[in-house]
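# Overview (structure and organization)
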Amino acid sequence: MPIVGALAGAGMVKAILAVCVAASWITTESQTYTLLYMISDIVFYYLPLFLAFSAAKKFKVNPYVALIFAGMLVHPTFSGLRTAGEAVYFLGMPVKMATYTSSVIPIILIVAFQALVEKLVKKWTPDAIKIFFVPMMAILIVAPVGLIVLGPLGSILGGYLSTFFTFLDQKISWVVPTLVGGLAPLLVMTGMHYSLGAAQSVQRATVGYATILAPGMIASNMAQAAATFAVSIKTKNKELKTLASSCAATAICGITEPALYGVNMKL
């Protein structure tokens, strides 16, 4: 909830950009568009960092150490290793090179685990060395577990889900948009939609069209917009009415995170 304002504000900038492009007032090739899109995309791309700080305050742990764990998920080096496509190992154990930008659940799980580690380490650490020893041990313990186990959970489940949906698409294709549309909010929260997006890319390259992700996601986006718009009409709370109105506008343009996290999940 603390970052809803940033999500909604950035989402509105994205929506305005989409309208400007549709009206031919600006082109996607212009530097003005590039810079504005970059600025409006920061809160979505680096969502794990924003959530890490909020989660750290909720779990009562060091928020700056939590930012380290969020940073490792979106660091250029990690992204480069993922893009290279080669197997990556940490202490001899395989690391699932998942995509964590815009994800929600992985960093919350990691910060929750950080809370457990910090609590245990603080118990037997002398006060004289707590200032560096506790953060050091948290980093050395939580980071590997986060990269190897907690972070990739959504991606691993997404991989299985992608295989399952691909099978369904080949056998009973009408079921896939129904399931994706219904599960889309959960898929986005866990980052599993990236796996389905990869499957859809393969499908598009093979047959020239895509049915696995896009149809269901469009239906879900419009449902998010409609639900949020309904809230904006029905609520008597002026602040919520303003928030819901802006979230509905951004959801229509395909940016559903403000509507999902700011209004619909809460209600």
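Residues numbered from 1 in each chain as written. Predicted model: local features only at pLDDT ≥ 70, side-chain atom pairs only at ≥ 80, totals over all residues. Heavy atoms only, no water.

### Notes on the confidence of the model for the chain
- In this model, the chain carries an average pLDDT of 87, and 100% of its residues clear a pLDDT of 70 or more.
- Within the chain, the element-level pLDDT minimum falls on helix H10 (residues 193-207), averaging 75, and the maximum on helix H4 (residues 63-74), averaging 93. (pLDDT = per-residue confidence, 0-100. Helix = DSSP H or I, 4+ residues; strand = E, 2+ residues; numbered from the N terminus.)

### Topic: helix H12 (residues 238-252)
- The terminal C-alpha atoms of H12 lie 21 Å apart, and with 15 residues this matches the ideal 21 Å at 1.5 Å per residue to within 8%.
- Within the span of H12, buried status applies to Leu240, Leu243, Ala244, Ser246, Cys247, Ala248, Thr250 and Ala251.
- Of the surrounding elements, those touching the buried residues of H12 are helix H1 (4-22), helix H11 (214-234) and helix H13 (257-264). (Expected span 1.5 Å × (residues − 1). Buried < 20%, exposed > 50% of the residue type's maximum accessible area, 1.4 Å probe, protein only. Contact = heavy atoms within 4.5 Å.)

### Points about unusual backbone geometry
- One non-glycine residue, Ser24, adopts positive backbone phi at about 65 degrees.
- Residue placement: Ser24 occurs in the loop between H1 and helix H2 (31-45).
- At Leu91, a residue that is not glycine, the phi angle is positive and equals roughly 55 degrees.
- Looking at where Leu91 falls in the secondary structure, it is placed in the loop between strand S1 (89-90) and strand S2 (93-94).
- For Leu91, a relative accessible area of 70% corresponds to the exposed category.

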